[in-house]
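Understanding the architecture of this molecule
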Amino acid sequence: MAEEFVKAVDDGLRLSKRIYFGKDRAVAPPKPMTAMEKSVHSYLPTSVMVYAVIGDPAIVDNPDIPSYQPHVHGRCDPPALIPLQMNGVELEIDCHLDTAFVTISGSWRVHCVMGSRSCDCRIAVPMGEQGSILGVEVDAPRKSYCSQLLALDDKKDAEKVAKAESEGFLKPHIFTFTIPQVDGGSNISIKVRWSQKLLYHNDQFTLSIPFHFPEYVTPAGKKISKKEKIHLNVNSGPGTEVLCKTTSHPLKELRRHAGRLGFIYESEVLTWSSSDFVFTYTVSLSHIFGNVLLQSPSVLDIDQRQMFCLHLFPGDRQSRKVFRKDVVFVVDISGSMRGKPLEDTKNALSAALLKLDPEDSFSVIAFNGESYLFSSSLEFATKEAIENATQWISMNFIGGGDTNILLPLNQAIEMLSNASNCIPIIFLITDGAVEDERHICDVMKSNLRNQGSICPRIYTFGIGSFCNHYFLRMLAMIGRGHHDAAYDADMIEVRIEGLFARAASTILANIAIDNLDNLDDLEVYPSRIPDLSSECLLIVSGRYRGEFPENLKAIGKLADMSSFTVDLKVQEAKDIPLDKVLAKQQIDLLTAQAWFSEDKELQEKVAKMSVQNGIVSEYTCMILTETEKGKKATESAGIPKVPSKTEPQKMEDTKRQKMMVLRNLGVGFGNLTATSENLPPGADETKSPEPAEILVKAASNCCGKMCSHCCCMCCIQICSRMNDRCAIALTQLCGALACFGCFSCCELCCCGHDG
């Protein structure tokens, strides 16, 4: 999909040369990238973008200054995408603890379509770290659109969503959707909201938001006003001191309070922002520090229990000591890992080995249908051992075979059974789903229950969308570890190295919260508290009934195996919307539990939480509802009522409503078929083309080479109206031309071989 999108934008920029902007010589049509530029850059969006979807190139013209255009034969198939010019943009960010809530509002003009014609507009929203779309609002001249979430009531609803034609994710971090029929020359206003995580590294928080606009979205003409605004609020919690480090845009400080900062940037610009918005800051703490925040539920909250959020900051790196580590890397080398996924995994694994300290010990297990051990026992991470392991990985990491996860996990548990005075870690990397996943979780629960004072931690990493990320998340929860994923193959190395850095920098283990025994109906997320790492903020949340204690303590073990206690100050969360900050984490953890237990009531609870907080889940779908200007937005006019916060609207209730369903917003529960067939991550599961389709494609490519203005789709439509004998004769003629006359321009010859 991404490659098709890039080609469509390339076609759109070429098509935009038809637009005449007047006698102003300072205005020129956008220039397509050269081959060298394409190798470095891409037409994938690096900010919120809007594109005119052009199927008929004859409608492309300046709506203000109609000009003579040469007649165009045929259509664009697939449609070209012309980036629209942007009139103004405003960015609002609210950072709370480790989460940022982002809102981008902007106005775009359909500058490339005749005033008497209209076109669809495709909107692309790139998001930052672990971005999750929250909602969209679109205001066009004749209609407006607003997103909402609906609960999926059964498998039939899930099938409807899977078959929906509207876009979902172009890439894992780029959300797209299409607005139909916007008039040429009109303005379209858009507001998009999403949440994302702040990166934490070297005692520093980093906020990075895609805000890099290409030159060709700048409006034509120097006299057009272009205003850019940025509002930023940072709240790290009570009892902390925020220190600003760097910023990509010239921010002006508005306010400063304990743990809170406010900034603004507003300017008339000649060209739009040419860099992402990046803001870094530190929370000045010399030691491990924590707080507990309390919040009462709103009237519409589906769960009327009280909320609490415990957060621990790791403090200054210089004053901390990390645990010694015993690590077993368990790596999938099945057939689907061939090529780039396996090569990137090998590179990341080699980098991880080099970061081990000499007193650490390790081993490597590669697995497909069987398992292959670098060493049957742990070896100290000496220079010689790491070199031998790297060489062994290079020789033995050869993709092929099936996927059996339980066997290597049991072997890893056995190898770590005698670990002492250290953190034992299982680091699992896989791209596939297996049938016995719930059984694996049960076995790991049983095995870890019988371990010593510090049981093995399980860190899981999923590659692509064919593995069951909720199974991997459940495994990590059982093993007091963390789960991460690379849905995009280009991110494998970076994300594996980031997850291992978190696992390798544990400073406080076996964390328990004292003095919660008197609370009623207590529920904690996650149920088994992970260790505190110097590479991330630890957040534990929950619900309860009763009187929360005034004083609380977090108790754990330090690297020298001594006990350590953190006094936690309990206070009301006055300026932090806990329900919004915690919703994504709780929905992910509860979804993993719902998958594991196959509990229908828990699935319904997740769906209600999803609708209430506007966060997409596996049990809800997002729709765009359409409202015509000048008509009452009632159900009789085809517009659905806003669903109750306490009882989410079911999908079957919307059959008569005018809506567009957005598909593929969840990650799913794995794909056993794709795993058994060893399909690589990101592969398209569409069926192989029939021989007749190959022949038509070869002939159409040949025809396109001979006459770039000919519309082969028109020819195919004509063929569909012919009688059988005439169609057979024409097909044979096309086949002869494709095979004997045009070898250089056909993608496939008649016998189906490449070349």
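Provided above is the structure to which this section pertains.
Okay, so let's go over this structure. (Residues numbered from 1 in each chain as written. Predicted model: local features only at pLDDT ≥ 70, side-chain atom pairs only at ≥ 80, totals over all residues. Heavy atoms only, no water.)

1. Describing the overall build of the protein
Put simply, the rule reads: Labels follow the DSSP assignment, with helices taken as runs of H or I lasting at least four residues and strands as runs of E lasting at least two, numbered in each case from the N terminus. Should any heavy atoms of two residues lie within 4.5 Å, those residues are considered in contact. Note on areas: Shrake-Rupley with a 1.4 Å probe; residue coverage comes only from the protein chains shown.
When helices and strands are tallied, the protein shows 15 helices and 34 strands. Of all intrachain contacts in the protein linking residues separated by at least 6 positions in sequence, the fraction that spans at least 24 positions is 78%. Accessible surface, the protein as shown: approximately 34,700 Å² in total, 51% of it carbon and sulfur.

2. With respect to the sheet that holds strand β31 (residues 551-557)
Selection criterion: If DSSP finds at least two bridges between two strands, the strands pair.
The eight strands are arranged β28-β30-β19-β18-β32-β31-β27-β29 in an open sheet whose pairing can be described as mixed. Strand pairing shows two members of the sheet lacking a second neighbour, β28 (520-525) and β29 (532-533), which therefore form its edges. Pairing of strand β18 (residues 289-295) with strand β32 (residues 563-572) involves four bridges; the strand directions are parallel. Within the sheet, the bridge partner assigned to L293 lies in β32 and is Q571.

3. A look at the side chain of T103
Structurally, T103 is set in strand β4 (residues 99-109). Each residue touching T103, except ones within four places of it in the same chain, is listed here: E90, L91, E92, K191, V192 and R193.

4. Considerations on the sheet that holds strand β14 (residues 242-247)
Our working rule: Only the stretch in contact is used when fitting a helix axis, every axis being a line fitted to C-alpha atoms; angles between N-to-C directions are given from 0 to 180 degrees.
Taken together, the four strands give an open sheet; going across it, the order is β11-β12-β17-β14, and neighbouring strands pair in antiparallel fashion. The two strands at the open ends of the sheet, each matched to only one other strand, are β11 (199-201) and β14. Strand-to-strand twist of the sheet, defined as the mean angle between neighbouring strand axes without regard to direction, takes the value 25°. Here five bridges tie strand β12 (residues 204-209) to strand β17 (residues 277-283), and the two strands are oriented antiparallel to one another.

5. Looking at the packing of helix α7 (residues 437-449) against helix α8 (residues 469-478)
Relative orientation and spacing of two packed helices are given, respectively, by the angle between their axes and the distance between those axes. So the rule is basically this: Under this scheme an angle from 65 to 115 degrees is roughly perpendicular, one under 35 degrees roughly parallel, and one over 145 degrees roughly antiparallel; angles in between are oblique. Each residue gets one of three labels, nonpolar for Ala, Val, Leu, Ile, Met, Phe, Trp, Tyr, Cys and Pro, charged for Asp, Glu, Lys and Arg, and polar for the others, Gly among them.
Close contact between α7 and α8 brings their axes to 10 Å; oriented N to C, the two are set at 5°. In terms of orientation, α7 lies roughly parallel with respect to α8. Between α7 and α8, the residues in contact are E437, I440, C441, M444, K445 and L448 and F471, M474, L475 and I478, respectively. Within the contact of α7 with α8, the residues separate by chemical class into eight nonpolar, no polar and two charged.

6. With respect to the packing of aromatic side chains
This is how it is decided: Any two rings among Phe, Tyr and Trp, with Trp reduced to its six-membered ring, count as a pair given centres within 6.5 Å; such a pair is stacked if its planes are under 30 degrees apart, edge-to-face if over 60, and tilted if neither. Between buried and exposed lies partly exposed: a residue is buried under 20% and exposed over 50% of the maximum accessible area for its type, with that area taken using a 1.4 Å probe on protein chains only.
The full count for this structure, using the stated rule, is 23 aromatic pairs. Relative to F175, the ring of F169 lies with its centre 5.7 Å away and its plane at 65°, an arrangement referred to as edge-to-face. Given the relative accessible area of 22%, F169 is considered partly exposed. Members of the aromatic cluster, each reached through a chain of ring pairs, are Y200, F205, F263, F279, Y281 and F313.

7. Here we look at helix α6 (residues 406-415)
Among the residues making up α6, those that are buried are L406, P408, L409, A412, I413 and M415. Packed against the buried residues of α6 are β20 (325-332), β21 (361-367), β22 (371-373), β24 (423-430), α7 and α8.

8. Considerations on the pattern of salt bridges
Condition: A pairing counts as a salt bridge when a side-chain nitrogen of Lys or Arg comes within 4 Å of a carboxyl oxygen of Asp or Glu.
This model, assessed by the stated rule, comprises 28 salt bridges. For the salt bridge of R495 with E129, the shortest nitrogen-to-oxygen distance reads 2.7 Å. Taken together, the residues span a long stretch of sequence, with R495 in helix α9 (residues 492-503) and E129 in the loop between β5 (118-126) and β6 (132-139) at a distance of 366 residues. For D531, the salt bridge identified is with R457, shortest N-O distance 2.8 Å. A residue pair is termed long-range when its members are at least 10 positions apart, and D531 in the loop between β28 and β29 and R457 in strand β25 (residues 457-463) qualify at 74 residues. In this structure, D531 and R457 share a single accessibility class: buried.

9. Section: the side chain of N468
With respect to the helices, strands and loops of the structure, N468 is situated in the loop between β25 and α8. The buried category is assigned to N468, whose relative accessible area is 1%. Excluding residues that lie within four positions of it along the chain, N468 makes contacts with G432, A433, E437, W595, G668, F669 and G670.

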